Amino acid sequence: MKRIILCMCIIFASSCAELQQIADEAMQDQTLTNADISSGLKQALRQGVQDRVSDLANENGFLNNDLVKITLPDELKRLDNTLRNVGLGNLADEGIKMLNRAAEDAVSEATPIFLNAIRDLSITDARDILLGKDVAATNYLKTQTQNELYQRFQPIIENSFAKVGADQVWTNMINRYNQIPLTQNVNPDLTDYVTQEALKGVFVMLEIEEKQIRESIGMRKTDLMRKVFALQDRN
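Computed from a predicted structure; not experimentally measured.

Rules of the game
Residues numbered from 1 in each chain as written. Predicted model: local features only at pLDDT ≥ 70, side-chain atom pairs only at ≥ 80, totals over all residues. Heavy atoms only, no water. Phe/Tyr/Trp six-rings, centres within 6.5 Å; stacked < 30°, edge-to-face > 60°. Helix = DSSP H or I, 4+ residues; strand = E, 2+ residues; numbered from the N terminus. Buried < 20%, exposed > 50% of the residue type's maximum accessible area, 1.4 Å probe, protein only. Salt bridge = Lys/Arg side-chain N within 4 Å of Asp/Glu carboxyl O.

All right, on to the packing of aromatic side chains then. The description of an aromatic ring pair rests on the distance of the ring centres and on the angle between the ring planes. If you walk through the whole model with that rule in mind, you get 1 aromatic pair. Measuring from centroid to centroid gives 6.0 Å for Phe114 and Phe203, while their planes differ by 85°, and the two rings are edge-to-face. Residue Phe114 is located in helix 5 (residues 110–119), and its partner Phe203 is located in helix 9 (residues 191–215); the two are separated by 89 residues in the primary sequence.

Right under this line is the structure:
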């Protein structure tokens, strides 16, 4: 009989603890308004832009990051391999560096565009994003900014090529490659390619930041972010 009573007490205590937890969570939900959720999500988005996108704009932000480093397009990879095989590896490395430098120059223009999109985030969008897929916030920014970012990046990358002499470097590389016997001549325009790769790199890094915020409480740097993403944790 004592064992039965003890078991019942344990079950009762456990049930009470669960009920208290549910009550606590319900109270927390009541204290979070839709405006709070919107503000918390905006803080998370700004954190991603400041921590990830700003890093890409630094020197070697692309070049030293294997996740986003810009390499040659497929049609030019044979050029890179051939140059290295004939002892022109330094020339190939310089060409790669120029591509990444151009992307780093362009990405400095991304932050104000992202911040405008974050500012315009509606309360309805905020709740949908919070309870959506693990990259829902990044997808929102991509939808809102991708076209404008391309238009802003493209001329900067084109000018960057000219400013640092990348156009001459690439002309030299391609001409040297075209002089090698039994190779097929190539003459690509790399501006669009680098613009697209720079955009891809920006959103890759934002996805990483978003996933970390969603998965790790330690990545939530404000009290409001912690409260807001606790709703997601229980979803």
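That shown, we press on.
What follows covers unusual backbone geometry. Phi at Asn60 takes a positive value of approximately 70°, unusual for a residue other than glycine. Residue class for Asn60 comes out partly exposed when judged on its relative accessible area of 22%.

Okay, the pattern of salt bridges next. Inspection of the entire model under this criterion finds 11 salt bridges. In this structure, the salt-bridge partner of Arg226 is Asp223, at a minimum N-O distance of 2.5 Å. In this pair, Arg226 and Asp223 both sit in helix 10 (residues 223–233), 3 residues apart, roughly one turn of the helix. Judged by relative accessible area, which is 33%, Arg226 ranks as partly exposed.

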